[in-house]
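These are the residues of each chain, in order.
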Amino acid sequence: MKVIDVENVYLKYPSAKEDTIRGISFDVRPGEIFGFLGPSGAGKSTMQKILTGTLRDYRGSVRIFGTEMKHRTSDYYENIGVDFEFPNFYGKFTAMENLKYFASLYSGKTMDPVTLLERVGLHLDAGKKVSSYSKGMKMRLGFVRALLHDPKLLFLDEPTSGLDPANARILKDMILEQKRMGKTIILTTHNMHDAKELCDRVAFIVDGVIKTVDSPHALCKSGADTKVEYSYLCNGRETKSICNLSGLADSQDFQYALKEGTLTSIHSKEQTLEDLFIALTGRRLQ
């Protein structure tokens with residue numbers, strides 16, 4: 001069973017000369033965190049707008065929960081949660097008032113907003129107007145809003161953008177918790193560290209085209225041989241050397257230093273997702 005099934009999708013904005021999305025195909029399985037990894041302007045957000053039903057003038061097929069998105073009904077939004085990179089709230093309302101209002105839009109039972117605010121460290125600021133919130137506070141509030149109605153499918157657009165490491169860690173732990181609960185998650189990001197840590201599979205997207213889809217681990221292992229950098233003492237001085245992991249056993253310097261006990265450090269330099277992205281696309285993630 002597929003939660004999302006996208007086949008040969010194209011989309012052209014009315015004012016554009018060319019397609020922004022060009023022949024994209026992929027699928028997402030239940031309970032999977034699927035990431036779109038690419039630089040700004042690559043088409044990540046446009047693809048997300050197609051998946052959330054905001055853009056319906058696409059060509060091709062986009063089926064979610066078995067329904068073609070061109071024919072989706074308002075019931076679709078009972079089952080999805082969306083966390084925007086730049087979330088909008090009612091600035092004159094407090095955080096609690098905002099959450100209670102959004103909760104009222106759903107037909108089913110919603111989660112306790114107080115509990116969610118506590119999880120992201122906003123419970124002491126629940127009575128403050130959102131207009132006084134920093135970007136990081138609004139990001140955390142937007143994440144809470146996406147979880148409020150306990151959706152089956154989550155769309156997260158740069159969820160850790162603008163957050164300090166401690167708060168980013170809280171949100172990433174909560175994302176992984178949602179996965180363990182069986183939720184399906186679409187993560188749109190240009191943060192390679194988030195993608196590698198969170199995603200089961202990632203799609204490299206640039207200029208509206210998917211270049212490759214695989215697990216972060218498989219992608220990192222698919223490219224060039226891992227490098228090994230080591231240091232050793234030679235005539236009283238520390239010397240550094242580097243070679244391929246596959247050739248380490250044949251390195252005379254390494255074998256001699258290992259035998260003589262003069263090896264002072266050794267570490268591997270694995271290919272990163274960004275290294276592979278640049279190799280495949282000629283573009284950087286930022």
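Here is a short report on the structure shown in this document. For clarity, every value in this text was computed on a predicted model and none was experimentally measured.

### Overview of the overall build of the protein
Argument step 1. Helix and strand counts for the protein come out as 9 helices and 13 strands.
Argument step 2. Taken along the three principal axes of its C-alpha coordinates, the protein extends 75 × 45 × 35 Å.
Argument step 3. Residues counted as buried form 46% of the 286 residues belonging to the protein.
Argument step 4. A separation threshold of at least 6 residues defines the contact pool for the protein, and within that pool the share at least 24 residues apart is 66%.
Argument step 5. Approximately 14,700 Å² of the protein is accessible, and the part contributed by carbon and sulfur atoms is 50%.
Argument step 6. Treating the 39 positive side-chain charges of the protein as one cloud and the 36 negative ones as another, the clouds have centres 4 Å apart.

### Some points on unusual backbone geometry
Argument step 1. The residue Phe65 is not glycine, and still its phi comes out positive at about 55 degrees.
Argument step 2. Relative to the elements of secondary structure, Phe65 occurs in the loop between strand 4 (59-64) and strand 5 (67-68).
Argument step 3. Overall, Phe65 belongs to the partly exposed group, its relative accessible area being 30%.
Argument step 4. Positioned with a positive phi, Asp150 is a non-glycine residue whose angle comes to about 55 degrees.
Argument step 5. Here Asp150 shows up in the loop between helix 4 (135-147) and strand 7 (153-157).
Argument step 6. Of the residues examined, Asp150 reaches a relative accessible area of 39% and is grouped as partly exposed.

### Some remarks on the environment of Phe277
Argument step 1. Relative to the elements of secondary structure, Phe277 occurs in helix 9 (residues 273-281).
Argument step 2. With a relative accessible area of 0%, Phe277 lands in the buried category.
Argument step 3. With 240 residues separating them along the chain, Phe277 and Leu37 place their C-alpha atoms 8.8 Å apart.

### Quick word on the environment of Asp194
Argument step 1. Mapped onto the secondary structure, Asp194 falls in helix 6 (residues 192-198).
Argument step 2. Between the C-alpha atom of Asp194 and that of Thr160, which follows or precedes it by 34 residues, the distance is 8.3 Å.
Argument step 3. With near-sequence residues (within four places) excluded, Asp194 lies in contact with Thr160, Lys172, Leu187 and Cys199.

### Considering the pattern of salt bridges
Argument step 1. Using the criterion set out here, one finds 12 salt bridges in the structure.
Argument step 2. When the shortest N-O distance is used, the salt bridge between Arg119 and Glu177 registers 3.2 Å. Taken together, the residues span a long stretch of sequence, with Arg119 in helix 3 (residues 113-119) and Glu177 in helix 5 (residues 165-180) at a distance of 58 residues.
Argument step 3. Through salt bridges that share partners, Arg169, Lys172, Asp173, Asp194 and Glu197 make up one connected network.

### Notes on the packing of helix 2 (residues 95-103) against helix 4
Argument step 1. Relative orientation of the contacting elements helix 2 and helix 4 amounts to 25 degrees, with a least axis distance of 10 Å. Of the possible angle classes, the one that applies to helix 2 and helix 4 is roughly parallel. Classified by chirality, the crossing of helix 4 by helix 2 is right-handed. Here Ala95, Leu99 and Phe102 of helix 2 come into contact with helix 4, specifically with Leu141, Val144 and Arg145.
Argument step 2. Taken together, the residues of the contact of helix 2 with helix 4 sort by class into 5 nonpolar, no polar and 1 charged.

### Regarding the nonpolar core
Argument step 1. One finds Leu141, Phe143, Phe204 and Leu273 to be the most contacted residues of the largest nonpolar core, which totals 44 residues.
Argument step 2. Apart from the residues within four sequence positions on either side, Phe143 is in contact with Asp83, Val120, Leu156, Leu171, Met174 and Ile175.

### Thoughts on the pairing of strand 12 (residues 237-244)
Argument step 1. Note that strand 11 (residues 227-234) and strand 12 share 8 bridges and pair antiparallel. Looking at the pairing, Tyr230 lines up with Ser241 of strand 12.
Argument step 2. From the end of strand 11 to the start of strand 12, which pair antiparallel, there are 2 residues, and Asn235 there has a positive phi angle of about 55 degrees.

### Examining the packing of aromatic side chains
Argument step 1. Counted by the stated rule, this structure contains 10 aromatic pairs.
Argument step 2. Aromatic side chains Tyr90 and Phe93 sit 5.4 Å apart centroid to centroid with 40 degrees between the ring planes, which places their arrangement in the tilted category.
Argument step 3. On the accessibility criterion, Tyr90 (41% relative accessible area) is partly exposed.
Argument step 4. Where Tyr90 meets Tyr101, the ring centres are 5.5 Å apart and the plane angle is 90 degrees; that geometry is what we call edge-to-face. Within this pair, whereas Tyr90 is found in the loop between strand 6 (80-83) and helix 2, its partner Tyr101 is found in helix 2, the two being separated by 11 residues in sequence.

Calculation rules
- Residues numbered from 1 in each chain as written.
- Predicted model: local features only at pLDDT ≥ 70, side-chain atom pairs only at ≥ 80, totals over all residues.
- Heavy atoms only, no water.
- Helix = DSSP H or I, 4+ residues; strand = E, 2+ residues; numbered from the N terminus.
- Buried < 20%, exposed > 50% of the residue type's maximum accessible area, 1.4 Å probe, protein only.
- Contact = heavy atoms within 4.5 Å.
- Areas by Shrake-Rupley, 256 points an atom, 1.4 Å probe, with all protein chains shown as cover.
- Lys, Arg positive; Asp, Glu negative; His and termini not counted.
- Charge placed at Lys NZ, Arg CZ, Asp CG, Glu CD.
- Salt bridge = Lys/Arg side-chain N within 4 Å of Asp/Glu carboxyl O.
- Axes fitted to C-alpha atoms, helices over the stretch in contact; angles between N-to-C directions.
- Parallel < 35°, antiparallel > 145°, perpendicular 65-115°, else oblique.
- Left-handed = near helix turned anticlockwise from the far one by under 90°.
- Nonpolar A, V, L, I, M, F, W, Y, C, P; charged D, E, K, R; others polar.
- Core = buried A, V, L, I, M, F, W, Y, C linked by side-chain atoms within 4.5 Å.
- Pairing = 2+ DSSP bridges.
- Phe/Tyr/Trp six-rings, centres within 6.5 Å; stacked < 30°, edge-to-face > 60°.

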